[in-house]
Amino acid sequence: MYDPGMTPTNLLVPTYRQMLQTLSGLLDKAKQQMPDHAKALLSARLAADMYPLAAQIRFATFQAQEAVFRLRGERVPDWLVAIATEGRNAGDAPGTFADAKKRIDDALSYLADVPIDALNAGAGLAVTIDLPGGMTFDMTGERYARDWALPQFYFHIVTAYAILRNQGVEIGKAEYVPHMFAYLRPGTAAGA
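Quick look at the structure, then. (Residues numbered from 1 in each chain as written. Predicted model: local features only at pLDDT ≥ 70, side-chain atom pairs only at ≥ 80, totals over all residues. Heavy atoms only, no water.)

1. Looking at the pattern of salt bridges
Stage number 1. Evaluation of the coordinates by the stated rule reveals nine salt bridges.
Stage number 2. A salt bridge links Arg58 to Glu86, with the shortest nitrogen-to-oxygen separation between them at 2.9 Å. Placement of the pair is Arg58 in helix H3 (residues 53–71) and Glu86 in helix H4 (residues 78–88), with a sequence separation of 28 residues.
Stage number 3. Through salt bridges with shared partners, a single ionic network connects Arg58, Glu86 and Arg103. (Salt bridge = Lys/Arg side-chain N within 4 Å of Asp/Glu carboxyl O. Helix = DSSP H or I, 4+ residues; strand = E, 2+ residues; numbered from the N terminus.)

Structural data, given as structure tokens:
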């Protein structure tokens with residue numbers, strides 16, 4: 001059922017926060033299970049023409065913060081654009097798990113300070129996305145949130161999860177959606 005109280009802010013910000021926390025937890029599992037393989041994991045890709053795990057992490061943190069600026073009608077600042085640039089160069093400079101966790105922690109800290117209604121007026125704004133390959137997309141803030149911001153963010157989170165699974169990190173659906181356990185009906189867990 002449609003929730004008329006759903007706004008861009010209360011859709012995007014909690015979603016970004018919980019999924020970035022999930023990504024952080026996935027990295028913790030990877031570090032715990034494969035402590036001597038951090039560089040290999042951060043450089044791992046699903047396909048030769050895809051970005052590595054290190055890039056997926058940077059892109060996810062970029063996407064979550066970019067939406068805040070765009071939906072407030074503000075220019076995406078240089079410090080944030082630098083994170084996307086790092087992502088595009090992560091094949092050559094994957095960094096460390098500590099670097100990846102810091103990017104996530106910084107994004108979570110930034111999102112924690114976003115006021116509860118900060119993005120709501122952005123639904124009607126004109127948003128333009130210019131991609132490095134020369135493509136330009138024009139849309140409203142509402143369509144940006146629905147058709148770009150959320151799908152792009154989830155793409156990078158899911159790709160990071162898939163890379164870790166592909167590299168042998170033992171994670172499953174429970175590690176991807178740990179926030180769902182807050183809604184678990186008592187007595188319905190497997191083995192309960």
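2. Some points on the side chain of Arg58
Stage number 1. By relative accessible area, which is 9% here, Arg58 ends up buried.
Stage number 2. Dropping the residues within four chain positions of it, Arg58 is found in contact with Ile83, Glu86, Gly87, Ala90, Ala93, Pro94 and Gly95. (Buried < 20%, exposed > 50% of the residue type's maximum accessible area, 1.4 Å probe, protein only. Contact = heavy atoms within 4.5 Å.)

3. Examining the nonpolar core
Stage number 1. Ranked by internal contacts, the top residues of the largest apolar core, which has 57 residues, are Tyr16, Leu20, Leu53, Leu111, Tyr144 and Leu164.
Stage number 2. With 12 residues, H3 is the single largest residue contributor to this core.
Stage number 3. Non-local contacts of Tyr144, meaning those with residues more than four positions away in its chain, are made with Glu66, Ala67, Arg70, Leu71, Val127, Ile129, Met139 and Ala149. (Core = buried A, V, L, I, M, F, W, Y, C linked by side-chain atoms within 4.5 Å.)

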